[in-house]
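# Commentary on secondary and tertiary structure
Residues per chain are reported as follows:
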Amino acid sequence: MPRISPRILKSVANIDRRLPYLLFECSGNISDAKQELSWIKNELQDANLINRACWLRYNRVPLQYILKTQPFGPLDLLVRPGVLIPRWETEEWCMDLIAKLPEKARQGQFKVLDLCSGSGCIALAIAHTRTEYIVKSVDLSPKAIALLKDNVRKVGLQNTNVQCIQADILRHSEHIYSKDKFNLITCNPPYIPSNNFVKECTTSVKLYEPRLALVADLEFYDNLLQYWIPRTESFVYEVGDMKQCQHVINGLSHNTSWKTGIKYDSNDKPRCVYGYLANPESTIDYVKIFDSFST
Amino acid sequence: MFGITVKTIPAVRLAITYRMLSSSIPQTIKKSKMPPRPKFTDDMERDIEEKFLHGGRGPGGQKINKCNSKVQLRHVPTGIVVDCQATRSRDQNRKIAREKLALRLAQWENGDQPIERELAKIQWEQQSKRSKERKAKSKHREAQEQRQQQKLQQTIEEKQLLKSLLEQ
């Protein structure tokens, strides 16, 4: 936490007496704090609510939990304590991926499975823009599933091919949608190793976001290699670092029918590991999708 | 304003009267009939470089929760750069940044002068300000007249009362 001098606090208080409260979470950046205040003012009308929001921000509550929503691509999703807030990195790769997915799939021909769905951002963004697709999602947390169902309603997809179930994929992968084979599996698993958690996460994340959605190392990538690879034709998994990418790529290196790759985010960090069958059973051209996805 | 020459050269007088007329009765602008906003075309889309800025260094992904997403557009042929982080939504910011760039390009093509729409906007603002003033003035005048009339009536009534009292 940066120390902010009383002189600066006083000078911003002259602009708006609520600004000093926002300054701490913006690490002292005045224009960021002003921006945040204008968002808060836009979305909350009542002066008391605005004051309360600034006080909560001073206590490091994520802005998205205060305003109760987070934009994700074309959607405006609900967020709630107990469920991870969608990150811009996820939005970025997810929207890139959707732009590459074939537009004209015959009804029910393209099946997507979203694991560790959380708020359902990835699943719902796909279902929203590619309405013919069948989208199924899984999460362990009952809170996440409840929120996901609310989000399905909010986005207006309740009458479409979106399903969600609560299940533990690390224990019961073989029983989840056991009759289905998928065209694409997406997943944003927890990927912060527990020894890095305290050191690398910001205070706000540590205090208010669910550890269940954050802390894990290679479990989910092992789970992918063991259970999901035989049941899908392609996958995109978000990663936290290069080690996790390499783990997946090495795990598939002996399997010549799988092609793998890494996607970087706009901060030049490895953000996704993806893989696809070069000669799938279906007629979908994964080479075309993922060739343009990686760049 | 009227120089000595005006008496001798009628053409100049005509020009001045004309100018006076045009300056005292400006062309009215309707809000619904403004010159159009400059459009962001597909050609421009091909010419731009888009960048997303999230405060650079440090950890990313799940480790940090940033709520801002800044979009920066660079129009390569002219080197004009615009950015936008007005909303929390990246989609929205991208749209706004494109509108901004279209406006800047239109200004650039106009030799860094304000474009037609901006001029119209300024005129519209002046016009609405003037009409507001006019309305306020006429309201005051009406109220004043009413007050005077009331006063007049009151004095007449008082006079009549006095008269009737004196006659008794």
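All chains use their own residue numbering, which begins from 1 and follows the written sequence. Numbering of ligands from 1 and lettering of chains from A proceed in the order in which they are written. Local features in a predicted model are, by the rule used here, given only for residues with pLDDT of at least 70; side-chain atom pairs are given and counted only at 80 or more, and totals for whole chains, interfaces and linings are based on all residues. Only hydrogens and water are set aside when side-chain values are computed; all heavy atoms of the structure are taken into account.

Chain B appears in an unreviewed UniProt entry as KLLA0C04642p from Kluyveromyces lactis. The record held by UniProt for chain B lists under Subcellular location (unreviewed entry) the comment "Mitochondrion". UniProt positions are given in the numbering used here, feature names are shortened, and annotations may be inferred rather than shown by experiment.

Within an unreviewed UniProt entry, the label attached to chain A reads peptide chain release factor N(5)-glutamine methyltransferase, and the organism entered is Kluyveromyces lactis. Its UniProt record gives chain A the following Catalytic activity (unreviewed entry) comment, quoted word for word: "L-glutaminyl-[peptide chain release factor] + S-adenosyl-L-methionine = N(5)-methyl-L-glutaminyl-[peptide chain release factor] + S-adenosyl-L-homocysteine + H(+)".

### Overview of the sheet that holds strand 6 (residues 184–187) of chain A
Residues and elements named next belong to chain A. Ordered by their spatial adjacency, 7 strands build an open sheet running 5-4-3-6-7-9-8, and the pairing between neighbours is mixed. The outermost strands of the open sheet, each flanked by one partner alone, are strand 5 (162–166) and strand 8 (258–264). Ignoring strand direction, the axes of neighbouring strands in this sheet form an average angle of 15 degrees. Strand pairing is defined by DSSP finding a minimum of two bridges between the two strands. Only runs of H or I of at least four residues qualify as helices and only runs of E of at least two qualify as strands under DSSP, and these elements are numbered from the N terminus. With 5 bridges connecting them, strand 4 (residues 134–139) and strand 5 associate as parallel partners. For helices, the fitted axis covers only the stretch in contact; all axes are lines through C-alpha atoms, and the angles between them, taken along N-to-C directions, range from 0 to 180 degrees.

### Details of the sheet that holds strand 1 (residues 48–53) of chain B
Residues and elements named next belong to chain B. Spatial ordering of the open sheet is given by 1-2-3, a layout of 3 strands whose pairing is antiparallel. Here the strands that pair on one side only, and so sit at the sheet edges, are strand 1 and strand 3 (80–84). Mean inter-strand twist for the sheet, computed between neighbouring axes without regard to direction, equals 20 degrees. Inspection of the sheet shows strand 2 (residues 70–75) paired to strand 3 by 5 bridges, in the antiparallel sense. Directly across from Gln72, in strand 3, lies its bridge partner Asp83. For this analysis, residues touch if any pair of their heavy atoms sits within 4.5 Å. Lying on the sheet, helix 4 (residues 90–109) is in contact with strand 1, strand 2 and strand 3; it crosses strand 3 at an angle near 150 degrees.

### What to know about the environment of Gln109 of chain A
All names here are of chain A. Tracing the backbone through its elements, the reader meets Gln109 in the loop between helix 6 (88–100) and strand 3 (111–115). The spacing of Gln109 and Asn183 is 74 residues in sequence and 8.8 Å in space, taken between C-alpha atoms. Filtering out sequence-adjacent residues up to four positions away, Gln109 remains in contact with Asn183 and Thr283.

### Brief notes about the nonpolar core
Residues and elements named next belong to chain A. The nonpolar core is taken to be a set of buried Ala, Val, Leu, Ile, Met, Phe, Trp, Tyr and Cys residues, with the residues joined through side-chain atoms within 4.5 Å. Each residue is assigned to one of three classes by its accessible area relative to the maximum for its type, calculated with a 1.4 Å probe on protein chains only: buried under 20%, partly exposed between the two thresholds, exposed over 50%. Ranked by internal contacts, the top residues of the largest apolar core, which has 37 residues, are Leu97, Val236 and Phe290. Elements with a contribution of two residues or more to this core: strand 2 (75–78), helix 6, helix 7 (121–129), helix 8 (142–155), strand 5, strand 9 (270–277) and helix 14 (286–293). In this structure Val236 touches Trp93, Leu97, Leu184, Ile185, Thr186, Cys187, Cys272, Val273, Tyr274, Phe290 and Phe293, once residues within four positions along its chain are discounted. The next biggest cluster of nonpolar side chains, apart from the first, holds 35 residues, and it includes Ile185, Leu214, Ala216 and Trp258.

### Describing the packing of aromatic side chains
Any two of the Phe, Tyr and Trp rings considered here, Trp counted by its six-membered ring, make a pair once their centres fall within 6.5 Å; the pair's planes then place it as stacked at under 30 degrees, edge-to-face at over 60, or tilted in between. The full count for this structure, using the stated rule, is 13 aromatic pairs over all chains. Ring centres of Tyr177 of chain A and Phe182 of chain A lie 6.4 Å apart, and the angle between their planes is 75 degrees; this geometry places the pair in the edge-to-face category. Accessibility classification places Tyr177 of chain A together with Phe182 of chain A in one group, the buried group. Here the aromatic rings of Tyr274 of chain A and Phe293 of chain A are separated by 5.6 Å at their centres, their planes lie at 70 degrees, and the arrangement is edge-to-face. One end of the pair, Tyr274 of chain A, is in strand 9; the other, Phe293 of chain A, is in helix 14, with 19 residues separating them in the sequence. Judged on exposure class, the residue Tyr274 of chain A and its partner Phe293 of chain A are both buried. A connected cluster of aromatic rings, assembled from ring pairs, spans Tyr21, Phe24, Trp55 and Tyr58 of chain A. Across the ring face of Phe293 of chain A, the terminal group of Lys263 of chain A is positioned such that the distance to the ring centre comes to 4.9 Å. Note on geometry: a ring has a charge over it if NZ (lysine) or CZ (arginine) is within 6 Å of the ring centre and within 35 degrees of the ring normal. The ring of Phe52 of chain B has Arg90 of chain B sitting right over it, with the charged end atom 3.8 Å from the ring centre.

### Concerning unusual backbone geometry
All names here are of chain A. A positive phi is found at Arg60, a non-glycine position, where the angle reads about 70 degrees. Among the structural elements, Arg60 can be located in the loop between helix 4 (47–58) and helix 5 (63–67). For Arg60, a relative accessible area of 13% gives the class buried. Positive phi, normally seen in glycine, also occurs at Tyr177, with a value near 45 degrees. Tracing the chain through its elements places Tyr177 in the loop between helix 9 (169–172) and strand 6.

### Observations concerning the domain arrangement of chain A
Each domain's limits were defined by an automated method or a database of domain assignments. Along its sequence, chain A is carved into domain 1 (6–59) and domain 2 (69–293). With centres defined by C-alpha atoms, the gap from domain 1 of chain A to domain 2 of chain A works out at 35 Å.

### Side note on the environment of Cys121 of chain A
All names here are of chain A. Inspection of the secondary structure assignment puts Cys121 in helix 7. Under the relative-accessibility criterion, Cys121 is labelled buried at 6%. Each C-alpha atom of the pair Cys121 and Thr131 lies 15 Å from the other, and the pair is 10 residues apart in sequence. With residues near it in sequence (within four places) discarded, Cys121 still touches Phe72, Leu77 and Pro86.

### Digging into helix 3 (residues 30–43) of chain A
Because an α-helix packs 3.6 residues into every turn, residues spaced three or four apart end up facing the same way. All names here are of chain A. Helices are assigned an expected span. That span is 1.5 Å times one less than the residue count. Taking 1.5 Å per residue as the helical rise, helix 3 with its 14 residues ought to reach 20 Å, and the 20 Å between its terminal C-alpha atoms agrees with that figure. If you check which residues of helix 3 are buried, you get Ala33, Gln35, Glu36, Leu37, Trp39 and Ile40. Buried residues along helix 3 sit against helix 2 (19–23), helix 4 and helix 5.

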